[in-house]
Amino acid sequence: MNEILLAVTEAGRMIGRLDDELVEIVLLSLQVSLTAVVLASALGLPLGAAIAVGRFPGRKTLIVFLNALMGLPPVVVGLVVYLMLSRAGPLGELGILFTPAAMVIAQTILIAPIVAALSRQAIEDAWRDYQEQLRSLGAGPVAAALTLLWDTRFSLVTIVLAGFGRAAAEVGAVMIVGGNIEGVTRVMTTAIALETSKGDLPLALGLGIVLIALVLFLNAGASLIKDAAQRRYG
Amino acid sequence: MALNGRRMVATIMMSALLAAAPLAHAEKFITVASTTSTENSGLFKHILPMFQRKTGIEVRVVARGTGQALDMARRGDADVVFVHARAAEEAFVAGGYGVKRYAVMYNDFVLVGPRSDPARVAGGREIAAALRKVKASAATFVSRGDKSGTHMAEIRLWKASGIDIAAQKGPWYRELGQGMGASLNTASSMNGYILADRGTWISFKNRGDLRIVVEGDKRLFNQYGVILVNPGKHKHVKKDLGQAFIDWVVSPEGQRAIAEYRIGGEQLFFPNAAEAGA
Amino acid sequence: MLPLVLDNVSFTASGKRIIDAVSAEFGAGPRTVILGPNGAGKSVLMRLCHGLLAPTAGKVIWGGPSNGRGRQAMVFQRPVMLRRSALANVAYGLKLAGVSAGERELRARDVLEAVGLAPVAGHPARVLSGGEQQRLALARAWALGPEVLFLDEPTANLDPGATRDVETIIGQIRAGGTKIIMTTHNLGQARRLGDEILFLSQGRLVERTPVERFFQQPASAAAAAFIRGELPWR
């Protein structure tokens, strides 16, 4: 209990004085996870829509596989990406191991299935309701997919936020491919792991509180925008 | 109105991608694979800025266990290794993966244990005897279990006590597979014995009921070495910058920086690059 | 393009024959109302004509020099509106039809004016009442300038006032030259809006009769029973 109180005080102090190192770590965490979620959505949303609207052999199997990929363990993704980007690996020439780019790649791989699988479900539910009307109006599968993507946008925002949450919270992947290098690839979760291993539990917990507060703040912001838009567009 | 929404989405995407732009920087830097004990002790945070100020070279430390650090270097993912397992280091060089091993500094290991001291080892000066007592009393013993320098030292010490720990361990022996700090956390909460390097112990803040029970045995000597990864095996290794780092670390200036590093007035590492046979 | 010819059209689903060898020809002119008991296959027949379903046997043939479907539209029992304004919903159909942006807005506003929804053009379509949404669905179909308008029980969920509004609009659309083909359970509506009755029973086309004669003297026993069932005082 004492440690939690210490942690809350520590968190408050860190935020209050806007500690340089803290700001650097927070900004990097946001950069990496936000970039990853943008890329994952660019890949996952069209894929989800295509599977939702399309009819092709093996579709059911693909859906099961995609759903299963949501449970990819971050540490395994990290390991695989490390082996790919290592100098001894196929993409070693790129030299991006232990850089934020590698972290973005790992997190994108982690979140894209989540965005694809969940958006597939949301869009398929909407397609069931909209299908006859859209086809009657002359919408082909591509036009229908795009229309559904826009019409289910409020659900999709929640899905994208879920993806961001997953990325911002994981440590297994970014630790392995990033290396937790101070000032270069140290993000909130890896910093928390480090401070924990140094035995400085109040500081680690304090960082944890900052991280949770950050994600809460982002979610609150997104929720406000969503509500305003929903009022406007129904 | 639909256009409005589309524009908003596009703006968000652009700003996210632009924000990612600074993620690609290319400066003068080297990658050093080192151990969790050196990272956790805070030594690098103290000496690396000095090196960067002098040479403009940024040193990026990836801290793993010794075993993992050497493995990383074998794959070519580091320019320099800075570890503390002499036998493994020499094998690394002999295998052609490293150019030359330089001694840098030493500290020592300490046996840390609970205040209640169930194995009755406190105050002893002989580690072999202490370990025999730990096994005899089946007191909880926490091992790094991660092929790190500390782990390899621990195995060596069990052997020196006449115990083949792999064959003779019981449920009292807890293998974690984690770094020094994480293992100390576990030992602290389990109230178990654990072998730690003094540097990490001094800077460790979650001691709980633990304190040093055995120290000073010559066998507990812990030597650190630094090696340039062989550019012959991996063309991209930054051999000039890497060598510059090694040269500085063994130079009088670098050695002084190491000696100056203290926590609570206590020196953690003792420079010995000039010592023959180190 | 009219005429629409159904050549021995059948539709089987889940082992059940829903439409059984129906042959008919529809030309421009008479307003066609399809009647029949529940499960007779009225909705399925409409969807076969409109092209939302493909027959499992027989052919649906559109005549005309280009031998193509031409412009058609369908209004469903429950209107399906996109999450956008009423105006945008109408414009959506026009966009799919390839109408340019400026032209779209003009035509959309015109048709909204004609159905009495001009005051709510900017409102989210989903907050409109049931009757307003159905009028909006009609406006959306009307804006396309269809040669044929299919209506599947368009007023089944509406109160008498809204029903009256919808019937008026159907009349206006008809007056513009569009062929009307609709189904309904409301025999009074069938009499008001129909010129000819197609009577379906258990998937078969049992009778095709001009409207007045159908109600005075139906040719088939099934139709007679149906009318008695719906209007027991006759």
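Rules behind the numbers
- In every chain, residue numbers begin from 1 and rise along the written sequence.
- The lettering of chains begins at A and the numbering of ligands begins at 1, in the order of writing.
- Whole-chain, interface and lining totals are the exception, using all residues; otherwise, since this is a predicted model, local features are given only for residues with pLDDT of at least 70 and side-chain atom pairs are given and counted only at 80 or more.
- Calculation of side-chain values draws on the structure's entire complement of heavy atoms; hydrogens and water are dropped beforehand.
- Only DSSP runs of H or I with at least four residues qualify as helices, and only runs of E with at least two residues qualify as strands; both kinds are numbered from the N terminus onward.
- Throughout, exposure labels follow a simple rule: accessible area from a 1.4 Å probe, protein chains only, divided by the maximum for the residue type, with under 20% read as buried, over 50% as exposed, and the rest as partly exposed.
- Any pair of residues with heavy atoms lying within 4.5 Å of one another is described as a contacting pair.
- His is not counted here, nor are the chain ends, while Lys and Arg score as positive and Asp and Glu score as negative.
- We put the charge of a Lys on NZ, of an Arg on CZ, of an Asp on CG and of a Glu on CD.
- Two things to know: the radius of gyration comes from C-alpha atoms, and the globule rule equals 2.2 Å times the number of residues to the power 0.38.
- In these tables, accessible area is a Shrake-Rupley quantity obtained with a 1.4 Å probe, and a residue counts as shielded only by the protein chains included in the view.
- One bridge is not enough; two strands pair if DSSP finds at least two bridges between them.
- With axes taken as lines fitted to C-alpha atoms, and helix axes fitted only over the stretch in contact, angles between N-to-C directions fall between 0 and 180 degrees.
- Take the buried residues of types Ala, Val, Leu, Ile, Met, Phe, Trp, Tyr and Cys, join any two whose side-chain atoms come within 4.5 Å, and each joined set is a nonpolar core.
- The cut-offs work like this: below 35 degrees is roughly parallel, past 145 is roughly antiparallel, 65 to 115 is roughly perpendicular, and the gaps in between are oblique.
- Definitions for this section: a left-handed crossing has its near helix turned counterclockwise from the far helix by less than a right angle. A right-handed crossing has that turn clockwise.
- Three residue categories are used. Nonpolar comprises Ala, Val, Leu, Ile, Met, Phe, Trp, Tyr, Cys and Pro, charged comprises Asp, Glu, Lys and Arg, and polar comprises the others, including Gly.
- For cavity detection a 1 Å grid was placed over the protein atoms alone, and a set of points counts as a cavity when a 1.4 Å probe fits there but cannot get out; an open set counts as a pocket when protein lies on both sides within 12 Å along at least five of seven lines, with lining residues being those that have an atom within 4 Å of a point.
- Grid points are joined across faces, edges and corners, and a volume is the space filled by probe spheres set on the points.

**Student:** Got a sec to walk through the overall build of chain B? Specific residues and values, please.
**Tutor:** Scanning chain B for helices and strands turns up 12 helices and 12 strands. With respect to the three principal axes, the spread of C-alpha positions in chain B is 75 × 55 × 40 Å. Counting over 278 residues, chain B shows a buried share of 53%. Of the contacts formed within chain B by residues at least 6 apart in sequence, a portion of 75% connects residues at least 24 apart. Charge separation in chain B, taken as the distance between the mean sites of 37 positive and 25 negative side-chain charges, equals 3 Å.

**Student:** Any details on the overall build of chain C? Residues and values, ideally.
**Tutor:** Each helix and strand in chain C was counted, giving eight helices and nine strands. Taking 234 residues into account, the globule formula puts the C-alpha radius of gyration at 17 Å, and chain C, at 18 Å, falls close to it. C-alpha atoms of chain C, sized along the principal axes, occupy 55 × 45 × 35 Å. Within chain C, buried positions represent 50% of all 234 residues. Partitioning the contacts of chain C with sequence separation of at least 6, the portion at a separation of at least 24 is 67%. A total of about 10,000 Å² of accessible surface is found on chain C, and carbon and sulfur atoms cover 50% of it. Across chain C, 28 positive and 19 negative side-chain charges occur, with their mean positions spaced 5 Å apart.

**Student:** Please provide a residue-by-residue account of the pairing of strand β4 (residues 98–114) of chain B, values included.
**Tutor:** All names here are of chain B. For β4, the tally of buried residues reaches 13 of 17 residues, placing the bulk of the element in the interior. Note: β4 against strand β9 (residues 221–229), eight bridges, orientation antiparallel. Bridged to Ala103 within β9 is Gly225. Inspection of the sheet shows β4 paired to strand β12 (residues 270–271) by two bridges, in the antiparallel sense. Paired with Met105 across the strands is Pro271, a residue of β12. One ladder, built from four bridges, connects β4 with strand β7 (residues 193–197); its direction is antiparallel. What sits directly across from Leu111, in β7, is Leu195. The sheet contact formed by β4 and strand β8 (residues 210–214) spans four bridges and is antiparallel. Each bridged residue has a counterpart across the sheet, and for Leu111 the counterpart in β8 is Val214.

**Student:** How would you summarise the sheet that holds strand β9 (residues 204–210) of chain C if you had to cite specific residues and measurements?
**Tutor:** Two pairing modes exist for strands in a sheet, parallel and antiparallel, and in both the strands are linked by backbone hydrogen bonds. Residues and elements named next belong to chain C. Spatially, β5-β6-β7-β3-β8-β9 is the arrangement adopted by the six strands of the open sheet, whose pairing is mixed. At either end of the open sheet lies a strand with only one pairing partner, and these are β5 (72–75) and β9. Averaged over all adjacent pairs, the angle separating strand axes in this sheet is 15°, with direction ignored. Here three bridges tie strand β3 (residues 32–35) to strand β7 (residues 179–183), and the two strands are oriented parallel to one another. Within the sheet, the bridge partner assigned to Thr32 lies in β7 and is Ile181.

**Student:** Help me get a handle on the nonpolar core, residues and values and all.
**Tutor:** The biggest cluster of nonpolar side chains holds 156 residues, and the ones touching the most others in it are B:Phe82, B:Phe245 and C:Leu35. Element by element, the count of residues in this core is highest for helix α5 (residues 100–136) of chain A, at 15 residues. If you look at the next biggest cluster of nonpolar residues, it comprises 25 residues, including C:Ile19, C:Val22, C:Phe150 and C:Ile181.

**Student:** Now, about helix α2 (residues 86–96) of chain C: what can you tell me, with residues and values included?
**Tutor:** Counting buried positions along α2(C) yields eight of 11 residues, so the element is predominantly enclosed. Among the residues of α2(C), C:Ala86, C:Leu87, C:Asn89, C:Val90, C:Ala91, C:Tyr92, C:Gly93 and C:Leu94 are the ones counted as buried. If you follow the buried residues of α2(C), they end up packed against α5 and α6 (141–151) of chain A together with α3 (101–114) and α4 (130–143) of chain C. Just downstream of α2(C), C:Gly98 is the residue with a positive phi angle, here 90°.

**Student:** A description of unusual backbone geometry should follow, citing residues and the corresponding values.
**Tutor:** C:Pro3 follows C:Leu2 through a cis peptide bond whose omega is 5°. Residue B:Ala138 is not a glycine yet carries a positive backbone phi of 50°. Owing to a relative accessible area of 43%, B:Ala138 belongs among the partly exposed residues under this scheme. Its identity is not glycine, yet C:Asn8 carries a phi of approximately 55°, on the positive side. In this fold, C:Asn8 is placed in strand β1 (residues 4–13).

**Student:** Would you mind going over the packing of helix α1 (residues 2–17) of chain A against helix α10 (residues 201–233) of chain A in detail, with residue names and values included?
**Tutor:** All names here are of chain A. α10 packs onto α1 with a crossing angle of 60° between their chain directions and a minimal axis gap of 7 Å. In terms of orientation, α1 lies oblique with respect to α10. Here α1 and α10 pass one another in a crossing that is right-handed. Within the contact between the two elements, α1 uses Glu3, Ile4, Leu6, Ala7, Val8, Glu10, Ala11, Met14 and Ile15 and α10 uses Leu201, Pro202, Leu203, Leu205, Gly206, Leu207, Ile209 and Val210. Here the residues of the contact of α1 with α10 are counted per class, giving 14 nonpolar, one polar and two charged.

**Student:** How would you summarise the layout of surface pockets if you had to cite specific residues and measurements?
**Tutor:** Empty space within the second largest pocket amounts to approximately 810 Å³. Lining of the second largest pocket is provided by 37 residues; of these, A:Glu21, A:Glu182, A:Arg186, B:Glu39 and B:Lys45 occupy positions nearest its centre. In terms of residue count, helix α3 (residues 43–55) of chain B provides more of the lining of the second largest pocket than any other element does, five residues in total. Of the residues in the lining of the second largest pocket, the class split is 16 nonpolar, seven polar and 14 charged.

**Student:** Can you tell me about the pairing of strand β1 (residues 29–35) of chain B, naming the residues and giving the values?
**Tutor:** All names here are of chain B. Of all seven residues making up β1, seven are buried, and the element is well covered by its neighbours. Judged by which residues are buried, β1 turns out to be covered on both faces: Phe29, Thr31, Ala33 and Thr35 on one side and Ile30, Val32 and Ser34 on the other are all buried. With seven bridges joining them, β1 and strand β2 (residues 58–64) adopt parallel strand pairing. When the sheet's bridge partners are listed, Thr31 is paired in β2 with Arg60. In the sheet, β1 pairs with strand β3 (residues 80–83) via three bridges, with the strands oriented parallel. When the sheet's bridge partners are listed, Ser34 is paired in β3 with Phe82.

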